[in-house]
Structure formats: C-alpha cells, structure tokens
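Residue-level listing of the chains:
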Amino acid sequence: MTTADYKTLPVFRRSLTAKVRLLIFVAVSLAMLVADLRFRYLEELRQGLSVLTYPLQMLASQPTDFVRNASIYFATLAKVQLENAELRRNQTDVAERLLRFERLEEENTALRQLLAMAGKVKTQGVAAEVLYDAPDPFTRKVILDRGALHGVEPGLAVIDARGVVGQVTRIYPIQSEVTLLTDRDQAIPVQIERNQLRGVMFGTGHGKLELRFVLATADVRPGDRLVTSGLDGVFIPGLPVAVIETVERDTDAFARIACKPIAAVEQSTRVLVLGRQVLPPPRPQAEAAAKPGAEAQDRARRPARGRNRD
Amino acid sequence: MQLTNRSNRILLPVKVWFVYSSLIVALGLDYVPTGRIPGIPDWVALVLAFWCIREPRVVSMGAGFFFGVLVDIGQGAAMGQHALAYVVLAYLANDLSRRVLWFPAFLQALHALPMLLAVQALMVVVRLIAGSEFPGWWYFLSSFTGVLLWVPLTYLLLLPQFQPVERDENRPI
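How each quantity is defined
- Residues numbered from 1 in each chain as written.
- Chains lettered and ligands numbered in written order.
- Predicted model: local features only at pLDDT ≥ 70, side-chain atom pairs only at ≥ 80, totals over all residues.
- Helix = DSSP H or I, 4+ residues; strand = E, 2+ residues; numbered from the N terminus.
- Buried ≥ 20, exposed ≤ 12 C-beta atoms within 10 Å, placed from the backbone.
- Contact = placed C-beta atoms within 7 Å.
- pLDDT = per-residue confidence, 0-100.
- Core = buried A, V, L, I, M, F, W, Y, C linked by C-beta atoms within 7 Å.
- Domains from an automatic or database assignment.
- Expected span 1.5 Å × (residues − 1).
- Nonpolar A, V, L, I, M, F, W, Y, C, P; charged D, E, K, R; others polar.
- Axes fitted to C-alpha atoms, helices over the stretch in contact; angles between N-to-C directions.
- Parallel < 35°, antiparallel > 145°, perpendicular 65-115°, else oblique.
- Left-handed = near helix turned anticlockwise from the far one by under 90°.

**Focus: the overall build of chain A**
Assigned secondary structure in chain A consists of six helices and 12 strands. Expressed as a percentage of its 310 residues, the buried residues of chain A come to 25%. For chain A, the proportion of contacts with a sequence separation of at least 24, taken over those separated by at least 6, is 56%.

Structure below.
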C-alpha cells in the first residue's frame, strides 16, 4: 500500500469568493427581471413554483379570512334590516327595468335580424368578491376569490354595478389577480358616448385616468361620458368607464384629458368578471390579400376563442 | 458563539434546521395579506439579515436568492425583484457580520437599518426603471418598524441556543 493512493484533504475550503458570488447572483436576478418585465417569459416558472408556495399562502390568508368573517358575523341586526329594506326597494325598481329591458332586447333582436346584422355578442359572467389588495405596492391590483376553476381567464373584463373596474391579468387555481384601471400599465380602448370619438385610456397611478392621443382640436368637453368601444375584442362595447374632468389644449398636438372613473375602482368589493363567449372575427391581415384561400382555411381551423387576449 | 462579544454567556451551536424553519415562518408572515397598510415589516428581509449577521457560514446569498424568488411569486411582484434585493442584503450582512457582532443588540439594530433601507431603495429603483409608479415615502416605514423588532427578535431566534447557567469551579461562565 502506498501513500500515493490517499487523497490529501483540503485544509481550506476553496470556493468562489463572496464578491464573485454576489456578481453571479445579481446577474441572474437582473436577467430574471428583464425576462419577466420586458418579455413575460417567466409566467410558466411562476405558475410552477406557486405550487410550492400555495399551501403557505393559504395558511397565511387565514387571519384575514377570520377577520372578514367575524366582521360579517357581528354586523348588527338593525344594519341588516336597513340593508334588506334598501334591497327590496331596489328589487322593485330593477324588476320594472328588467321587464322593459326584455322587451327592448326582443325588439332589438328583431330589428337586427331585419338589418341582417350579426347577432348581439353573448356574454358569460362570474360573480366574485375582492379578497384584498395585491401585496405588491408598485401596482394597483386586487385579488379576487374566483380563479381558473370557476372559469376565470386572463384578459377578461371586471365590472362593478356602475362600470368597468379593471382586467384579469393573472389567474391562480381559486384566485385571480385583477389590474385596476388606475394602474399605470393598464390601457383600455374607449369612445365618447356623445359623438362616438374613439381613444385609448391609460391609468396614471394616482387614482385618475388619462385619455391619450386625442387631437387638441377634437370635440371633447368636460363632463363627457366614456364607454368601452369593444374594438379590442375583449371588452363588451358600451360599458361605462369614466367621465372627463378637465381638458387642456394649449400644451401639444394632443390634448391633455384627465378623467375620473365611474366605477368605484379602488373601493368596490363585489364585482363581476365578464367575458365574451364569441369573439369578433379576426382582423384582416396583410398576407390575407396575397393568399386569400390558404389564409381563410387556416383561420377556419383555429379556434376563435382565446385570440386577442395575450 | 456569544450573544455579543462583551457578553460572557456562551451559546450552543446553531441548528441549521431551526435557521431555515425560521425563514419559512417569516415567508408565511410575508404572505399574510395586509393590503396597503404602511409599516408592515418585511419579515423575510429581517430574519435573513439577522441570520446573515449571526451565522455567515450557514446563511448567505444562495438562501437570499431562493427566498427572494418565493416572495416574488407569493406577492405577485416582478420575478427577481426581491431575489436581487435579498442577495445584496445577504452580501452586506455577511460582510459586516464581524463588525456588527461587537455591539449590543440595539446598536446592531442601528446597523441593520441602513441595510434594510438600501434593500427597499434598490427595489424602488428597479421598479421605477421598469415603469411602475412610486409607492410613496410611507413605503420605507417598514424598515423602521422592522428595526424596532430587532432586539426582541434577537432573543426569540437565539432562544434555542441559550443553555442553563450552571456555574462551578471548572466552568466559570
């Protein structure tokens, strides 16, 4: 037996120095940030790893669930009776309007058939409750208590009793994340109810909205109501969005138009997740003109649902 | 290891499983939905900074990165935002560990404050570059509340390492 067979044990642990490891980790983190924020590559990774964190999250949400249930339990009888009376009053009011609505809908269908227009867009809705504000303080998002298992899909519109609140941006199995209209990254195509002028509305991040890319010479007045135009193929046309507050025309080629949301965007607790069952036909593309036959076949094969929602 | 270098109390060696379970508990506390109430401490950052100062050989940047990614997922933040911040925090805490441990607990807290603030500032810078809105100055309150908890946290997390005092001729401390 020779001593050469024995390996010498290392006296000092040799590895990368702290600064090198810091550089490596920082580089990896920055790469992840860019991949996530710019290119949205990491959604699958996020969904995959959320399986790990999900039990802990469920456990952590117990205290707030308890507080909410307790506050419901201890609501006084008088308050409930008042609310009940209010609801009964509303009920009669709404019933009358519903009757009128049904008659109008029938009339509308008949007229549309006469005009040979496409049938009115059918909708599906999921009633949901806002659980809490999303913890990320850099955005305006809320978490709903309905998720993929209840039929919520990313891209659907979220409305309350008065108008549009936001859009579903991320789904979990039994929860979903809604980006509110007032978030800085949120945009929604709208038109002015009075003259059908179209535009795109952006959140400003301070509870206000801004109608951008409208020419300074356009016919826009404070007090105009803005509704969804439905051109994106995601939102149903005609949902109330905002009221114009101020119009400044002396700044640029475009007017600066500040708006106030109609819905209680950051306060509503009961909302409806609303989606189109049938999306409008896809937009004609440049290649379609060149190869009309092949493109039409290809379009027929692809399912209409799910398009325009990425 | 001693509580501080002036203390004459010798602690038992740390148990690695306890370190990581305390980090997991902190992760759970971070997941508690508190809405937009300012001043809720970032528990993972706090516990991570504590262990990185206390036990630089057990906890370092790898743990910071891993728990950072988990916080990003749970909070719906940008992937890598907390990971980046916690890696820098772990580096700073490891680096200053030899210095900070000379001080009593409340002075250690004063050392932790700039680290926690730097971490929050880093996250704000990253998100502002990405185009998010500024969350307001109240956002930084959570570092201060975290630092207030440093002294109780020190005794809580070191509790398993304290041993009963049995002084005799052969063992004076």
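**Observations concerning the confidence of the model for chain A**
Residue and element names in this part refer to chain A. On average, residues of chain A score 80 in pLDDT, and 82% of them reach the 70 mark or higher. Predicted confidence in chain A is weakest over helix α6 (residues 292–301), with a mean pLDDT of 44, and strongest over helix α1 (residues 18–37), with 93. The model gives residues 291–310 a pLDDT under 50, and that stretch makes 15 contacts with residues more than four places away or in other chains.

**A short note on the nonpolar core**
By size, the foremost hydrophobic cluster in this structure holds 54 residues, and its most contacted members are Val44, Leu48, Ala49, Tyr86, Val87, Leu89 and Ala90 of chain B. Elements with a contribution of two residues or more to this core: α1 of chain A together with α1 (16–31), α2 (43–54), α3 (61–75), α4 (81–100), α5 (105–129) and α7 (150–158) of chain B. Setting aside anything within four residues of it in sequence, one finds valine 44 of chain B in contact with Leu23, Ala26, Leu27, Asp30, Phe67 and Val71 of chain B. In terms of nonpolar packing, the next biggest core, distinct from the first, is built from 42 residues, Ile143, Ala157, Phe235 and Ala242 of chain A among them.

**Observations regarding the domain arrangement of chain A**
Under the domain assignment, chain A is made up of domain 1 (19–60), domain 2 (63–120) and domain 3 (123–278). Put simply, the middle of domain 1 of chain A and the middle of domain 2 of chain A, counted by C-alpha atoms, are 42 Å apart.

**Comments concerning α2 of chain B**
Residue and element names in this part refer to chain B. For α2, with 12 residues, the first-to-last C-alpha span of 16 Å sits near the 16 Å given by 1.5 Å per residue. Buried residues dominate α2, accounting for 12 of its 12 residues. Taken residue by residue, α2 has Trp43, Val44, Ala45, Leu46, Val47, Leu48, Ala49, Phe50, Trp51, Cys52, Ile53 and Arg54 as its buried positions. Tucked into the core, α2 has its buried residues touching α1, α3, α4, α5, α6 (141–148) and α7.

**Concerning the interface of chain A and chain B**
The interface is formed by 37 residues belonging to chain A together with 33 residues belonging to chain B. If you list the elements that add at least two residues to the side of chain A that touches chain B, you get α1, α2 (43–60), α3 (62–73) and β1 (123–133) of chain A. The leading source of residues in the side of chain A that touches chain B is α1 of chain A, at 11 residues. Tallied by class, residues from the side of chain A that touches chain B come to 19 nonpolar, eight polar and 10 charged.

**Description of the packing of α3 of chain B against α4 of chain B**
Residue and element names in this part refer to chain B. Orientation of α3 relative to α4, taken along the N-to-C sense of each, is 155 degrees, at an axis distance of 7 Å. As far as their axial angle goes, α4 and α3 are roughly antiparallel. When you trace α3 past α4, the crossing you get is right-handed. For the pair α3 and α4, contact is made by Met61, Ala63, Gly64, Phe65, Phe67, Gly68, Val69, Val71 and Asp72 and by Gln81, His82, Ala83, Ala85, Tyr86, Val87, Leu89, Ala90 and Tyr91, respectively. The class makeup of the residues in the contact of α3 with α4 is 13 nonpolar, four polar and one charged.

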